[in-house]
Amino acid sequence: MRYISTRGQAPVLGFEDTMLTGLARDGGLYVPEEVPALSHGDIAALAGLSYEEVAVRIMAPFVADAFDEATFADLVAKAYAGFGHDARAPLKQLAPNHFLLELFHGPTLAFKDFAMQLIGQMFQHSLAKRGQKVTIVGATSGDTGSAAIEAFRGLEAVDVFILYPHGRVSDVQRRQMTTPSESNVHALALTGHFDDCQARVKDMFNDFDFRDRVALAGVNSINFARVLAQVVYFFTAAVSLGAPHRKVSFTVPTGNFGDIFAGHIAKRMGLPIEHLVVATNQNDILHRCLTTGEYRTGEVHPSISPSMDIQVSSNFERALHLAYDGDGSAIAQLMAELKTGGFTVSQGALQALREVYASGRASEAQTSAAITRTLAHGAELLCPHSAVGVEVAEAHLGTTPMVTLATAHPAKFPDAVEAATGIRPPLPPRMADLFDRPERITRVDNDLTDIETLIDEARAA
Ligand SMILES: Cc1ncc(COP(=O)(O)O)c(C=O)c1O
Ligand SMILES: N[C@@H](CCOP(=O)(O)O)C(=O)O
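Residues numbered from 1 in each chain as written. Chains lettered and ligands numbered in written order. Predicted model: local features only at pLDDT ≥ 70, side-chain atom pairs only at ≥ 80, totals over all residues.

Undergrad: Looking at this model, I keep getting lost on the site of ligand 2. Mind explaining?
TA: Taken together, 13 residues form the shell around ligand 2, and within it Thr-140, Asp-143, Thr-144, Asn-220 and Ser-221 come nearest. Counting residues per element, the shell around ligand 2 draws most heavily on helix α6 (residues 143-152), which supplies three residues. Each residue belonging to the shell around ligand 2 can be placed in one class, and the counts come to no nonpolar, twelve polar and one charged. (Near = placed C-beta within 6 Å. Helix = DSSP H or I, 4+ residues; strand = E, 2+ residues; numbered from the N terminus. Nonpolar A, V, L, I, M, F, W, Y, C, P; charged D, E, K, R; others polar.)

Undergrad: Just checking my understanding: could you explain the nonpolar core for this structure?
TA: Counting residues in hydrophobic clusters, the biggest one holds 153 residues, and the most contacted among them are Ala-148, Ile-162, Phe-234 and Phe-235. Leaving out residues up to four positions away in the same chain, Phe-234 has contacts with Phe-250, Ala-262, Gly-263, Ala-266 and Leu-271. (Core = buried A, V, L, I, M, F, W, Y, C linked by C-beta atoms within 7 Å. Buried ≥ 20, exposed ≤ 12 C-beta atoms within 10 Å, placed from the backbone. Contact = placed C-beta atoms within 7 Å.)

Undergrad: Can you help me understand the packing of helix α3 (residues 51-63) against helix α4 (residues 69-80) in this one?
TA: Working note: a packed helix pair is described by the angle between its axes plus the distance between those axes. At their nearest, the axes of α3 and α4 sit 10 Å apart, and the two run at 130° to each other. The orientation of α3 relative to α4 falls into the category oblique. In terms of crossing hand, the pair formed by α3 and α4 is right-handed. Each of Tyr-51, Glu-52, Ala-55, Val-56, Ala-60 and Val-63 in α3 lies in contact with α4, whose residues at this interface are Glu-69, Phe-72, Ala-73, Val-76, Ala-77 and Tyr-80. Broken down by class, the residue content of the contact of α3 with α4 amounts to ten nonpolar, no polar and two charged. (Axes fitted to C-alpha atoms, helices over the stretch in contact; angles between N-to-C directions. Parallel < 35°, antiparallel > 145°, perpendicular 65-115°, else oblique. Left-handed = near helix turned anticlockwise from the far one by under 90°.)

Undergrad: Just checking my understanding: could you explain the pairing of strand β10 (residues 273-280) for this structure?
TA: If a strand is regular, its side chains alternate between the two faces of the sheet. Judged by how many residues are buried, β10 sits mostly within the fold: six of eight residues are covered. Where strand β9 (residues 248-253) meets β10, five bridges bridge the pair, whose relative direction is parallel. Bridged to Val-252 within β10 is Val-278. Taken together, β9, helix α11 (residues 258-268) and β10 constitute a β-α-β crossover, and its handedness is right-handed. Sheet analysis places β10 next to strand β13 (residues 357-361), joined by five bridges and oriented parallel. Its bridge partner being in β13, Ala-279 is matched across the sheet by Gly-360. (Pairing = 2+ DSSP bridges. Right-handed = clockwise from strand over helix to strand, strands pointing away.)

See the structure below:
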């Protein structure tokens, strides 16, 4: 399979180079040139398979140039062996036509583990084969960073630097990043918000001297491998509800647009998804854009669902690329306009986006009420991000089964959950001493040169 940049000016790559490269050299994001289609029979045959078996079948065509099927199956098995639930992504019923897909049974209690644990395995395999070392730089609003540090801690061939917004992640998220003692992982607390962290990461990729000197790699959803691994659970959930014989809809708590874009890939592969509903918190730029066609950035307002406090939503570029029929120069133009405040989506592209995506927004009060209400119905103790999803999904319920993605464990956000329910969810026993472990935090200014210097010095030490 060949991968191309959304901006059309970067080298075309195979899967392994795409995975190890991160951002395309024209500033765009890699996407598959063509998405493989599964037949009705192929999808029906997924029923009854284990999560790992489905994962191999769904991802194999995308990764075939990098891994033979037996090797890939072995990497997948290792990736999910540490999950705390046999089903990996169990589905629970919330209401007659509403289901919750629990994606928080991995080692760091968020959906990021599904992709990050697998990427950890794939990186190890590919780097060992090539005899290479890389420097991973990532931006996080809390969950990507902890999942990346967990997946790569202690690995010889990888140095990891994670930028997180100082004071804007939960205490559990911060401690998951700052307490691992391995010297190859570094948590950097940046003065700013998540968009600043992500912008500096992209700046580092666009600084070719630095990029080539440190062999920069990315594990944000910049990396298509992240999106790919997340396609799998759309299939397992839909098939268990009757796909391909029956349509299914999904509501996805959304910030950087990677997870819902994975649903879009699943739909293009042939999964009968009726609606993909983008659920935003009060930072609702995506909902406003899908409603009006105007993508205008503004201030980021801290919320009780901090991992979704995002205005510059990286993977929306991939959705736009499809909506603009793969016109790289149109995407480059929109992204140039974004640097000065925003852009207007053309009528044709807006219509194409609306054929795939619906959207909604949950205020802080609605999010909190959804946590209270869902528990009162005896259904589940939700994390605030999942609660944003449930609130928005309830406004989109119809005759098609709706699956809301539960993206994190409530124990990662105990303050918001306690405020809504009076219950302070405990961490699982293996993390019970998280608050007793010593932290290692490095403060950094929102300054590219300072950050690059810090990374150079840490690598040299
Ligand atoms: C718990 C949680 N929910 C939802 C999201 C939003 O996912 P995405 O950035 O893929 O849209 C994130 C951040 O990625 C998250 O950490
Ligand atoms: N919410 C994310 C933000 C980064 O998203 P990614 O999918 O691009 O890694 C986080 O928790 O860090």
